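Read off the chains here:
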Amino acid sequence: MENENNNAQHFLDLIQKSRKGKFKIYIGMSAGVGKTFRMLQEAHSLLKNGIDVKIGYIETHRRKETHELLTGLPIIPRRTIFYKGKELEELDVQAIINLRPEVVIVDELAHTNIEGSKNEKRWQDVLEILEAGINVISAVNIQHIESLNEDVKRITGIDVQERIPDNVLRLADEVVNIDLTSEDLIARLKEGKIYTADKIQTALANFFKSEQILQLRELALKEVASQVVRKVENEVPQLHALRHEKLLACISSNDKTAKIVIRKAARLASYYNGSWYVLYVETPQESTTRIALDKQRHLINNFKLAVQLGAEVIKVENSNISNAILTAVEEKQITTVCIGKPHLNLFKVILSTTIFRRLLNKLSLSNVDLVILS
């Protein structure tokens, strides 16, 4: 009976998947590489081939060449919202679903919607449109990917606030990198093709430095390459590795380090196309009656971050942290354990010589890798 239920559920999953719209994302290393331009070019090509394509939301940033491409494309009017005395415009999700075009173009995937909108983020709007069976073409810059937040902050000195969960990118049927050399991008900026004249010098002095562009370009290329690997592995099962990677990221109540461990573990899981878990061991010293309220709040936020990035969160109570880790490794059939630097509060006990040696020995005997994330 159980086998019959599993077969029925599998068939239902196939049906639901076939009903969803296809999702294509253009990704770039920064503003001005030509993502919106390319989406509009594709819209014209689809239109010429008899495909019912419409513009749901596009942001041309008053770039002449890009704005001219809007001519001849059917545009779905935006939804008008009055917020703090101003008239603002947002993507009209319901209008798109009602009109049911074959393909809809939705720019600025990482955009935060105006307060009071049905969904907080535009990527959530896009998922709703996909669920309705409508194909979506969208765009995002590499600095808006959640798990890359710390890397982008290190490269640019900017803490990007508008971010999309990595699993949104993984839902895409196709991810296309719009690539430019740093020289070409800076030349476009100086020619006034990205920002107006009054903003060019500021941009050159800040975000548009050659070294930063090169590092962001590398991140974008790596991300798209890993997406291609995942797609091949998912569509050609015989190429799967013999060992399916399962990662366990161990975090403490240390907010900053926990975020680093979560994001880096997410990148590893993405690279290996594996499933992953986040483990928090609540010791008697950190019980809900003893732990500070701000630490509790940070923990909850980190659990949410982990779920957004595709992890399953495991929270256990145990006075012996190494035992808790080994139990989770066995139950979830973990192949790689990820921990933070040894100075973490969580591992003050673990890293005492005897206990840490026992943990290493147990993991080694189980053929489980241990990765220390800095």
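How each quantity is defined
Numbers given to residues run from 1 along each chain, matching the order in which its sequence is written. Residues qualify for local features only when their pLDDT is at least 70, as the model is predicted, and side-chain atom pairs are given and counted only at 80 or more; totals for whole chains, interfaces and linings, by contrast, use all residues. Note that the side-chain values use all heavy atoms of the structure and ignore hydrogens as well as water. Whenever a helix is involved, its axis is fitted only over the stretch in contact; in every case the axis is a line through C-alpha atoms, and angles between N-to-C directions fall within 0 to 180 degrees. In DSSP terms, a helix is any run of H or I states spanning at least four residues, a strand is any run of E spanning at least two, and both are numbered starting from the N terminus. Throughout this description, any angle smaller than 35 degrees is read as roughly parallel, any larger than 145 degrees as roughly antiparallel, any in the 65 to 115 degree range as roughly perpendicular, and the remainder as oblique. Note on contacts: a residue pair qualifies if any of its non-hydrogen atoms lie within 4.5 Å across the two residues. Here the term charged refers only to Asp, Glu, Lys and Arg, the term nonpolar to Ala, Val, Leu, Ile, Met, Phe, Trp, Tyr, Cys and Pro, and the term polar to all other amino acids, Gly among them. Any two of the Phe, Tyr and Trp rings considered here, Trp counted by its six-membered ring, make a pair once their centres fall within 6.5 Å; the pair's planes then place it as stacked at under 30 degrees, edge-to-face at over 60, or tilted in between. Either the NZ atom of lysine or the CZ atom of arginine qualifies as a charge over a ring when it sits within 6 Å of the ring centre and within 35 degrees of the ring normal. pLDDT is a per-residue confidence score from the predictor, ranging from 0 to 100. At least two DSSP bridges between two strands are needed for those strands to be called paired.

By the naming in an unreviewed UniProt entry, the chain is Histidine kinase, taken from Flavobacterium chungangense.

Here we take up the packing of helix α8 (residues 182–190) against helix α9 (residues 197–205). Helix-helix packing is characterised by the crossing angle of the two axes and by the distance between the axes. At their nearest, the axes of α8 and α9 sit 9 Å apart, and the two run at 150 degrees to each other. One finds that α8 runs roughly antiparallel with respect to α9. Along its contact with α8, which presents Ile186, Leu189 and Lys190, the element α9 presents Ile200, Ala203 and Leu204. Taken together, the residues of the contact of α8 with α9 break down into five nonpolar, no polar and one charged.

A separate point is the packing of aromatic side chains. Scanning all chains against the criterion turns up three aromatic pairs. Between the aromatic rings of Tyr195 and Phe208, the centroid separation amounts to 5.9 Å while the plane-to-plane angle is 90 degrees, which identifies the pairing as edge-to-face. With Tyr195 in the loop between α8 and α9 and Phe208 in the loop between α9 and α10 (210–235), the pair connects residues that are 13 residues apart, well separated along the chain. Centre to centre, the rings of Tyr271 and Tyr272 are 5.0 Å apart; their planes meet at 85 degrees, and the pair counts as edge-to-face. In this structure, Arg78 is placed above the aromatic ring of Tyr57, and the distance from its NZ or CZ to the ring centre is 3.8 Å. Taking the ring centre of Tyr57 as reference, the NZ or CZ of Arg122 above it sits at 3.9 Å.

As a further point, take the confidence of the model for the chain. Taken over all residues, the pLDDT of the chain has a mean of 85, while the share at 70 or more is 86%. Below pLDDT 50 for its whole length, residues 238–242 participates in three contacts with residues either more than four positions away or in separate chains.

Another aspect to go through is the sheet that holds strand β11 (residues 336–339). Strand order in the open sheet formed by five strands is β10-β9-β8-β11-β12, with parallel pairing between adjacent strands. Looking at the sheet topology across the chains shown, the edges are occupied by β10 (312–317) and β12 (369–372). Between one strand and the next, the sheet's axes are offset by a mean angle of 25 degrees, whatever the strand orientation. Two elements, strand β8 (residues 246–251) and β11, share three bridges in a ladder whose sense is parallel. Looking across to β11, one finds that Ala249 is bridged to Cys338. The sheet strands contacting helix α11 (residues 255–272) are β8, β9 (275–282) and β11, and the helix crosses β8 at an angle near 175 degrees. Where helix α13 (residues 321–332) meets the sheet, its contacts fall on β8, β9, β10 and β11, and the angle it forms with β9 comes to roughly 155 degrees.

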